[in-house]
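Tertiary structure, described
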Amino acid sequence: MKKLSSTKSALLTGTLFLTLAGILTRIIGFFYRIFLSRTIGAEGLGIYQLIAPVTAICFAFTAAGIQTSISKFVSMEVGRKNEAGAKIYLSIGLFISLCLSTFCSIFLYRYAYFIAVSWLGDKRCTPLLTVLSFSFIPCCIHACINGYYYGLKKTAVPSLCQLTEQLARVGSVYLMHQIAVSEGKSLTLSMVVWGIVCGETASTLVSVSVFGVFGTHKNAVIKSKENLFLCTKNLFSMAVPLTSNRIVLNLFAGFENVMLPNRLLAFGYTQSEALSVYGILTGMAMSVIMFPSVITNSVSVLLLPTISEAQAAGKREKILYTIKKTIESCLMLGFISTAGFLVTGNFLGNFLFKNALAGTFIATLGWLCPFLYLSSTLSSILHGLGHPGITFELNLISCTIRILFVLLAVPVWGIKSYLWGILASQAVVALLSILILLVKVLPQKSR
């Protein structure tokens, strides 16, 4: 019982660190979105959001799966009291991620125009992609180090990196804006993307500095070299399918995001109106809806190593308890958030962004909260139990539902049909996740 209480305390403490950092980051992000909406406008936000699929795919290819794998195997080695093994997983993952991010950066820099025109459908994205290519190497470094600390369930370093990244991003963009204004110019979209590069670089400097002070001892790393091949094989066994799954999912999501403005044209909007609506939805309304998820995101990050460690130790009771409390907490937060957005949605849109359409989107998307928060945490539990394939299939179902709404419903009923498509997709994933855990995954653990 003491161990169960200790695990609960560690999870709560880690969640608190990540939540506080996340809340501060989201608050800064709120003001940043307001600032961008008033300097580059709704259409500018729409163009800026068009590069989001490229960012997501490149991160999936270079770091996302590796970070999750590092977190899982580090937590398992810690559970076995093998500190040296935990550190060699970080070294291997970081080396692989650096190689992939270097290749990705060179490729994106060289083919920015081709990607902007042939995939994103707007050549104005070319300079944005060129600048974005400089962000991947620093991004992969701090992602891997954060994965290591997540596995240790020491969230102070990732929390500090998260906050540093946001402060550096917003601060650098604001500084560039002030310099541009003093010269009689205006803020450009390229400057906004340079803010991403500054944020990733600052976060990397912090994570590397902290790890250099509190990180590995040389002797421990040398001792663990005898297990190099086994550790590499283990890391690849999880990272490859995870990375492949995320790339496929992000390709689907990228197709969805690129097609949405296009299908809005079929509904009757001009190109400027379609990009403006897209920018209001993704750059304004969704930032408000996602604010409470700072709590569930923090829980999700720590659930994976917690569940992995419990599974490695054969502690089924701990796993069941964690799943039960996760579902209860996410539903409670979700229903409270839904009620709040239904009441205040229109006010928030007008007050924060001076945009009535943003308020309408917020009120409508409020229904999304219980399913959104639940599906993200249950996905982390499934990963922790060693079932990345199941989460891939669920996310693929979710993407397919949204794409069908984009292709078939948006040209007929407009943007509101897409909002209901998002709701339907998240509801299906949340319900299927619960069903799979109860019927398929958990019973197998009792055999």
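Predicted model, so just to flag it, every value in this text is computed and none were measured.

Cut-offs and rules
- Residues numbered from 1 in each chain as written.
- Predicted model: local features only at pLDDT ≥ 70, side-chain atom pairs only at ≥ 80, totals over all residues.
- Heavy atoms only, no water.
- Helix = DSSP H or I, 4+ residues; strand = E, 2+ residues; numbered from the N terminus.
- Buried < 20%, exposed > 50% of the residue type's maximum accessible area, 1.4 Å probe, protein only.
- Contact = heavy atoms within 4.5 Å.
- Areas by Shrake-Rupley, 256 points an atom, 1.4 Å probe, with all protein chains shown as cover.
- 1 Å grid on protein atoms, 1.4 Å probe; cavity = no way out; pocket = protein on both sides within 12 Å on 5 of 7 lines; lining within 4 Å.
- Points joined across faces, edges and corners; volume = space filled by probe spheres on them.
- Nonpolar A, V, L, I, M, F, W, Y, C, P; charged D, E, K, R; others polar.
- Expected span 1.5 Å × (residues − 1).
- Salt bridge = Lys/Arg side-chain N within 4 Å of Asp/Glu carboxyl O.
- Core = buried A, V, L, I, M, F, W, Y, C linked by side-chain atoms within 4.5 Å.
- Polar contact = N/O pair within 3.5 Å; in protein donor to acceptor, adjacent residues only side chain to side chain.
- Phe/Tyr/Trp six-rings, centres within 6.5 Å; stacked < 30°, edge-to-face > 60°.
- Patch = residues over 30% accessible without salt bridge, like charges linked within 9 Å, V, L, I, M, F, W, Y side chains within 5 Å.
- pLDDT = per-residue confidence, 0-100.
- Axes fitted to C-alpha atoms, helices over the stretch in contact; angles between N-to-C directions.
- Parallel < 35°, antiparallel > 145°, perpendicular 65-115°, else oblique.

**Points about the overall build of the protein chain**
- Counting its secondary structure elements, the protein chain contains 18 helices and 0 strands.
- Buried residues in the protein chain amount to 56% of all 447 residues.
- Sequence-distant contacts in the protein chain: of pairs separated by 6 or more residues, those separated by 24 or more amount to 83%.
- If you sum the accessible surface of the protein chain, you get close to 19,600 Å²; carbon and sulfur atoms cover 69% of it.

**Observations concerning empty space enclosed by the protein**
- With the rule as written, the count across this model stands at 2 cavities of 30 Å³ or more.
- Reported here for the second largest cavity is a volume of approximately 30 Å³.
- Taken together, T364, L365, W367, L368, L419, W420 and L423 make up the full set of residues lining the second largest cavity.
- Ranked by the residues each element gives to the lining of the second largest cavity, the list is headed by helix α18 (residues 415–445), at 3 residues.
- Of the residues assigned to the lining of the second largest cavity, the class counts are 6 nonpolar, 1 polar and no charged.

**Here's the deal with helix α11 (residues 228–267)**
- Taking 1.5 Å per residue as the helical rise, α11 with its 40 residues ought to reach 58 Å, and the 56 Å between its terminal C-alpha atoms agrees with that figure.
- One or two steps after α11, the chain reaches G268, where phi turns positive at roughly 130°.

**Comments concerning the pattern of salt bridges**
- One pass over the structure, following the stated rule, counts 5 salt bridges.
- Among the salt bridges present, the one from E183 reaches K185, with a minimum N-O distance of 3.8 Å.
- Within the structure, one salt-bridge network assembled from shared partners comprises E43, D122 and R124.

**Considering the nonpolar core**
- Core analysis: the largest hydrophobic core is formed by 87 residues, its most contacted members being I51, L129, L132, L260 and L281.
- Examining the composition of this core, we find that 11 residues originate from one element, helix α12 (residues 271–289), more than from any other.
- Beyond its immediate chain neighbours, meaning those up to four positions away, L129 contacts I51, V54, L108, A112, I115, A116 and L120.
- By size, the runner-up hydrophobic cluster in this structure holds 29 residues, among which are I66, L90, V210 and F211.

**Looking at the side chain of T377**
- Counting through the fold element by element, T377 comes out in helix α16 (residues 369–384).
- A polar contact of 3.0 Å, which involves the side chain of T377, links it to the backbone oxygen of L374.

**Remarks on the packing of aromatic side chains**
- According to the stated counting rule, one finds 12 aromatic pairs in the structure shown.
- An angle of 15° between the planes, with centres 5.0 Å apart, marks the rings of F73 and Y89 as stacked. Here the residue F73 occupies a position in helix α3 (residues 52–79), and Y89 occupies one in helix α4 (residues 83–110), the gap between them amounting to 16 residues. For the pair shown, F73 and Y89 are each scored as buried.
- Judged by centre distance (6.2 Å) and plane angle (25°), the rings of F103 and F107 are stacked. Residue F103 and its partner F107 are both found in helix α4; the two are separated by 4 residues, about one turn of the helix.
- Through a chain of ring-to-ring contacts, three or more aromatic side chains come together here, namely F61, F103, F107 and Y111.

**Remarks on a nonpolar patch on the surface**
- Residues F103, F107, Y111 and F114 make up a contiguous nonpolar surface patch of roughly 440 Å² in combined accessible area.
- Relative to the helices and strands, F114 resides in helix α5 (residues 112–120).

**A few points about the confidence of the model for the protein chain**
- Summary statistics for the protein chain give a mean pLDDT of 83 and a share of 87% for residues scoring 70 or more.
- The spread of mean pLDDT over the elements of the protein chain runs between helix α10 (residues 218–223), the lowest at 46, and helix α6 (residues 126–132), the highest at 96.
- This model gives residues 216–224 a pLDDT under 50, and the stretch forms 9 contacts once residues within four places in sequence are excluded.

**Section: the packing of α16 against helix α17 (residues 388–413)**
- At a minimum axis separation of 7 Å, α16 and α17 run at an interaxial angle of 150°. Between α16 and α17, the angle falls in the class roughly antiparallel. Along the contact surface, α16 presents S379, L382 and H383, while α17 presents P388, I390, T391 and L394.
- Class assignment of the residues belonging to the contact of α16 with α17 gives a composition of 4 nonpolar, 3 polar and no charged.

**Comments concerning helix α8 (residues 156–182)**
- Compared with an ideal rise of 1.5 Å per residue, which puts 27 residues at 39 Å, α8 spans 38 Å between its outermost C-alpha atoms and is within 8% of the ideal.
- G184, located one to two residues past α8, shows a positive phi value of around 75°.

**Regarding the environment of P261**
- Relative to the elements of secondary structure, P261 occurs in helix α11.
- Taking C-alpha positions, P261 is 9.0 Å from G46, a pair spaced 215 residues apart along the chain.
- Discounting chain neighbours no more than four positions away, the residues touching P261 are L50, A274 and Y278.

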